[in-house]
Amino acid sequence: MTDTAAEPALFGAGLAPFGAGLAADPAEAGPLPMGRADAVVFAVADAERAARRYCAALGLRCTAYAGPETGEPETLSYVLAAPGTRIVLTSPVRSTGRRGRELTEHLDRHGDGVLDLSVSVPDVYYAYDYAVDRGALSLAEPYEARDDYGAVVLATIAVPGGTRHTLVDRAGYAGPYLPGYVPCEGF
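Residues numbered from 1 in each chain as written. Predicted model: local features only at pLDDT ≥ 70, side-chain atom pairs only at ≥ 80, totals over all residues. Heavy atoms only, no water.

(A) Examining the overall build of the chain more closely. Each helix and strand counted, the chain has four helices and nine strands in total. Put simply, the chain runs from its N terminus to its C terminus through helices and strands in the order α-β-α-β-β-β-α-β-α-β-β-β-β. Within the chain, residue pairs in contact and separated by at least 24 positions form 60% of the contacts whose partners lie at least 6 positions apart. Accessible surface, the chain: about 9800 Å² in total, of which carbon and sulfur atoms supply 54%. (Helix = DSSP H or I, 4+ residues; strand = E, 2+ residues; numbered from the N terminus. Contact = heavy atoms within 4.5 Å. Areas by Shrake-Rupley, 256 points an atom, 1.4 Å probe, with all protein chains shown as cover.)

(B) Spotlight on helix α4 (residues 124-133). Those residues of α4 lying buried are Val124, Ala127, Tyr128, Tyr130 and Ala131. Axial view of α4: buried residues confined to an arc of 160 degrees, hence all on one face. On the buried face of α4, the contacting elements are β6 (138-147), β7 (150-158) and β8 (164-169). You can read the cap of α4 off the contacts: a side-chain oxygen lies 3.1 Å from the backbone nitrogen of Tyr125, and it is on Asp123. (Buried < 20%, exposed > 50% of the residue type's maximum accessible area, 1.4 Å probe, protein only. Arc of directions from axis to C-beta. Polar contact = N/O pair within 3.5 Å; in protein donor to acceptor, adjacent residues only side chain to side chain.)

(C) Focus on the side chain of His106. Tracing the backbone shows His106 in helix α3 (residues 98-110). Residue classification places His106 among the buried residues on the basis of a relative accessible area of 6%. Residues within four places of His106 in sequence aside, it is in contact with Ala43, Gly111, Val114, Leu115 and Gly162.

(D) Looking closely at the sheet that holds strand β4 (residues 85-92). Reading across from one edge, β6-β7-β8-β5-β1-β4-β3-β2-β9 is the order of the nine strands in this open sheet, with mixed pairing throughout. This sheet does not close on itself; its edge strands, each paired only once, are β6 and β9 (182-183). As judged from the four bridges shared by strand β1 (residues 37-43) and β4, these two strands associate in the parallel manner. Residue pairing in the sheet places Phe42 in a bridge with Leu89 of β4. Against the sheet, α3 touches β1, β3 (75-82), β4 and β5 (113-120), its axis set at about 100 degrees to β4. Each of β6, β7 and β8 touches α4; the most contacted strand, β7, lies at about 5 degrees to it. (Pairing = 2+ DSSP bridges. Axes fitted to C-alpha atoms, helices over the stretch in contact; angles between N-to-C directions.)

(E) The side chain of Ser118, seen in detail. Along the polypeptide, Ser118 turns up in strand β5. Exposure remark for Ser118: the relative accessible area of 4% places this residue in the buried category. Within polar-contact distance, the side chain of Ser118 engages the side chain of Asp116 at 3.1 Å. With residues up to four places along the chain from it excluded, the contact list for Ser118 reads Ala37, Asp38, Ala39, Val41, Thr166, Val168 and Tyr177.

Here is the structure:
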């Protein structure tokens, strides 16, 4: 993802871009090494309906899709994009497995809303260690996901209130969004 509207507000609040002003000693306090927002992931009751509305109302276009047809039996996700913006709308299809149950429980507890703010970082391993060493709760240690388009490195940390941050390095990836997603021609 390219520039976002939130970026000047984040950096204007004293947060620096990755690598700026990092201390040589990792025990010293400093900014979390991060780049730009990669995507905002919303949990919604009906991803297809929400995607159609977002496209019509906000002028977004559907660029990728994942669901039962692509090997994701428990969830349905649409990736919507505009210059500088990527929104992912995800809804449960079944609540029989861990992922479907977690999404259903999140929707029951919070209703439709932000589930994850993905942040692009140049080094997921470093950013993850940096955050966890300073008290962030780990939800998923860094791992690599790959498909025919290349590899993406991901890790997830918890944020109070039920939202989470996924750290993403897609430098070696040329696919439509993440492994498991296929290009979407829109609605």
